[in-house]
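# Architecture at a glance
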Amino acid sequence: MILLFIVLLPILAAIAILFGAPPRRTALWAAGFTLVATVLMYLGFEAGQRGFQAVISFPISSDWKINFTLGVDGLSLMMLLLTAVVTFAAIWFTGKITQHEHAFYACLLLIAGGAFGAFASLDLFFFYAFHELALIPTFLLIGIWGTGNRQAAAWKITIYLATGSFILLLGLIMLYRSLPEAARSFDIRALQKTAGLIPAEAQSNIFLLLLVGFGILVSLFPFHSWAPEAYASAPAPAAMLHAGVLKKFGLYGLLRVAIPLLPGGAERWNTLLIVLLLGNIIYIGLVTIAQKRLDWMLGYSSVMHMGYIFLGIASGTLLGTSGAAVLIFAHGISIALLFAISGEIRQRTGTLVLRELGGLGKIMPRAAFAFGLAAFASIGLPGFANFTGEVMVLFGAFRNGANPERFGIYQIAAVLGLWGVVISAVYMLRAYRRVFMGPALESLSGATDLQRSLRIPIGMLVALTLWFGFFPQTFVRIVTPTFKSYFTSKP
Amino acid sequence: MTIGAPILEIEVLLIGLFVLMVEAFFERIDKRTLAFTAIFGLAAVLVASFFLTPSPADVATSGFWSFYTADPLAIFFKRFALVTTIFVLVMMIDYAPIVRESIHGTTHQAGLGEFFALPVFTCVGLMWMASAIDFVMIFVSLELVTMSFYVLVSFTRRNPATLEAGVKYLILSALSTGFLVYGITWIFGVTGQTNLARIAVALADPAIESGPALFGMVLVLVALGFKIAAVPFQLWVPDVYQGAPTPVTAYLSVGSKAAGFVVLLRVLQPFFVLPQMERVLLVMALLTLIYGNLAALPQSNLKRLLAYSSIAHAGYLLVGIVCLAGEAIAFYLVAYLLMTLLSFAVLIVVAKQTGDNIEDFNGLSKRSPFLAFAMTIAMASLAGVPFTAGFLGKFYIFDAAIRHHQTTLLVVGVITVACGFYYYLKVVRAMYWEASTSDVAVPLSGISRFAMAAMIGGIIFLGVYPQPILDALK
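This one's a predicted model, so the numbers in the text were calculated from it and none came from an experiment.

### Here we look at the overall build of chain B
- Of the regular secondary structure elements, chain B holds 19 helices and zero strands.
- A compact globule built from 474 residues would reach a C-alpha radius of gyration of about 23 Å, and chain B, at 22 Å, matches this within 12%.
- Counting only C-alpha atoms and orienting by the principal axes, one finds that chain B spans roughly 70 × 55 × 45 Å.
- Expressed as a percentage of the 474 residues in chain B, the buried residues total 58%.
- Taking the intrachain contacts of chain B between residues at least 6 apart in sequence as the baseline, contacts between residues at least 24 apart amount to 80%.

### Considerations on the overall build of chain A
- The helix and strand tally for chain A stands at 21 helices and two strands.
- Taking 491 residues into account, the globule formula puts the C-alpha radius of gyration at 23 Å, and chain A, at 21 Å, falls close to it.
- Principal axes of the C-alpha set define a box for chain A whose edges measure 70 × 65 × 40 Å.
- Across the 491 residues that make up chain A, the buried fraction comes to 61%.
- The contacts in chain A between residues at least 6 apart in sequence include a share of 80% that link residues at least 24 apart.

### Here we look at the environment of A:Ile423
Residue and element names in this part refer to chain A.
- Considering the arrangement of structural elements, one finds isoleucine 423 in helix H19 (residues 409–436).
- Residue classification places isoleucine 423 among the partly exposed positions, given that 19 C-beta atoms sit within 10 Å.
- Between the C-alpha atoms of isoleucine 423 and serine 301, which are 122 residues apart in sequence, the distance is 9.9 Å.

### Regarding unusual backbone geometry
- Cis geometry is adopted by the peptide bond preceding A:Pro222, which originates at A:Phe221 and carries an omega value of 5 degrees.
- Summarising the element assignment, A:Pro222 is placed in the loop between helix H9 (200–217) and helix H10 (226–233).
- For the peptide bond that leads from B:Val231 to B:Pro232, omega is 10 degrees, which places it in the cis range.
- In this fold, B:Pro232 is placed in the loop between helix H8 (210–228) and helix H9 (236–243).

### Regarding the packing of helix H14 (residues 294–314) of chain A against helix H18 (residues 385–399) of chain A
Residues and elements named next belong to chain A.
- Contact geometry for H14 and H18: axes closest at 9 Å, N-to-C directions at 45 degrees. One finds that H14 runs oblique with respect to H18. Here the hand of the crossing between H14 and H18 comes out left-handed. When H14 is examined against H18, the residues Tyr308, Leu311 and Gly312 are found in contact with a partner set consisting of Glu390, Val393, Gly396 and Ala397.

### A short note on the pairing of strand S2 (residues 66–72) of chain A
Residue and element names in this part refer to chain A.
- Counting buried positions over the seven residues of S2 gives six, a clear majority of the element.
- With six bridges connecting them, strand S1 (residues 53–61) and S2 associate as antiparallel partners. Paired with serine 61 across the bridge in S2 is isoleucine 66.

Conventions we followed
Residues numbered from 1 in each chain as written. Chains lettered and ligands numbered in written order. Predicted model: local features only at pLDDT ≥ 70, side-chain atom pairs only at ≥ 80, totals over all residues. Helix = DSSP H or I, 4+ residues; strand = E, 2+ residues; numbered from the N terminus. Rg over C-alpha atoms; globule rule 2.2 N^0.38 Å. Buried ≥ 20, exposed ≤ 12 C-beta atoms within 10 Å, placed from the backbone. Contact = placed C-beta atoms within 7 Å. Axes fitted to C-alpha atoms, helices over the stretch in contact; angles between N-to-C directions. Parallel < 35°, antiparallel > 145°, perpendicular 65-115°, else oblique. Left-handed = near helix turned anticlockwise from the far one by under 90°. Pairing = 2+ DSSP bridges.

Function cannot be inferred from these measures alone, as they are strictly geometric.
Have a look at this one:
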């Protein structure tokens, strides 16, 4: 029941706002209540148990065995927690909206509602449909309230995501059809029991479709070009929600659907995936260094970090896969904070071109401190959850078939992946120096520091990433039961 | 209480005649009452359709039931035709002032009565067509539909574009009728039958020459291709759709097309024993998908955009035809009915104030948030966003294609869906991003608002809970 509340409250609040409820207050209360509900769920969750908890189900189509089923296991619980925290922060960070204030908050809540629904759904049909619910709100958010070349950015993200989604849809229908008549279902629980029934040829085809479909949604190289542009143009709260939460849908989908149900397909295409994710880490990493604007740099950095999560998914070990889950969470928090601060800087200085910024640390000390923490987290300094995730991913990938005499593709990928850490240190620290260090530019002297009230969302985000950085076992213990069943034959 | 199926058509016919009589003998009344009469009459027939007795299960060898059926598909499409006509009549009430302007008449209401009566007769034709299982019956009902459309398309005859549309429709429609009759004679010549079930039996006989029968079928396909606006028989669509009075365009693109698909489903059934048939249809589906979607991309006039979009949707429906997926087609048509009529309904009220170009919708969200919202739902559904009926329609169609391993269709389908997102969201962009040219709210009558709300509700309800439609076909 509480799960239904979490999924429906943001959507109902969005509808209420469209019908004239006071936008900011309604949105903040709705986000606050869902956050409280999610935390209650987290506290009441019985870690270490396999299977799904708090399951609730309504029949939709008996011909297709589609049911509106909600439920959580450790993995989806952490995704819900991430969504709740980032949504709350994004709405809190929303500044003054000059036009269509109602529509703005409604769109934000719809994106959040779509993410909640997708992560809580146990039925593939609704898992897919909820994600798509966010498509038009995203289009409108970037198109109406965006900055820079917002039109092109809005078109690009919409058409990319729509194409990716339909490829994904074909994959899901094929998955459904590849099963014998009696076993057909869209229910993830039922599908998990039928994993062995899909013929090898079909597994390979379906996995490729799912990989491309989910890959486009997560900006897997070379389908990434929508992401930096969209995040640079989007208003800060939209970028926080999309880069922090919604984009993770594709990774969650791979972890939830593609890897457990199509192990043969995963094996067949792993080499391709590793080549592509190294494109994310190395190529996009270098592209990130070359950026001249803070927002573009953050956008590219988020594309680059997807490479690590993909590496964890491709690693084929319990350690690496759990690391991917930790990293999804950690990256969601750190990128949301980075986009939030850069949005505040844009509001106060009117520019995000690195050359035109400098010395903001003296003018905006609070912003500099928060950005610094988020940047350190994003690089993956020890103590932050990102570090935990990256270490787990890299060790996990390295361990797959490790043989001291001969490195395989997993070991090479892990070695090259380590280079990525250096690359991200280069661009993050460079950007930090450019923006916050040095003498304060005269043109920026009018800027003011963050309001005191913003300490609450910032503190919340930082505390969470530090907590899971120092006590990763609290996180890992919750997600591993989900993954353990994937690797029964492997260490 | 139970009723025999053909009584529905007779009732609708009587409603039409009644409206016509009142129009002829009572000049002084407000002609809009006629429209309301027709709407309530049709609604009553719609209710009555739920108390039907089914037709005899086996095909009678002679007599009435050898050319008329009341199977679930037929009943389903009778209701479909009734709902379409009701919504079109609501739109026509909104459109009445424009008709008044463009008719030379002695009174200020001249011509309105016929404008409201003709769709009722078209509806009779559509309902017969849904039940037709004999080529002669198909031909006659198709002609009844087409005849009333000849008049409707060129109804606002002072407008040169409308006249052009009328002439184009007349000539090409007559040509396609010629193809239909010619095709039927070939099939009759080979099999000696006009009843579809008996043609199927005759064709299954290995002794029969399939070549001439196939030739006849291709001719029939040409005629039906014209009705459903499939490439390469789509040339008339953009001009006629743009020129015709908007409610008539809506009627053409929903009613006429749906009837075409029902007939196609029935007619093709016996011919699918011939392997060449599938290839012909496959090519047609591919061309229609590609042409409709690509040509829609650069359009700046919304009415014309919807014309190309109707070709594009014919493409998706043809994918269903290739896979002979009756259920998927039926569901898609229902979704198509709701979303297309909704977009035309909004178009009519907005066009009265500004115009029917996409840029006339600029800033509509500020002027009339409800209309902008309705249009957004319609466009989202046309593009195929989940939780709308249009998405589930595509879902079922793609599923049918996957089941039949039509890889080419799937690849092209994904590309065209992406195109669709571009041109449908173009309208959304105009309404929400662009600055408004005027800030006067668009006036909206109560009944139109009610009809639009009903269509929005229908789109979202079927997008979440499709089972009622699937059950209705069983």
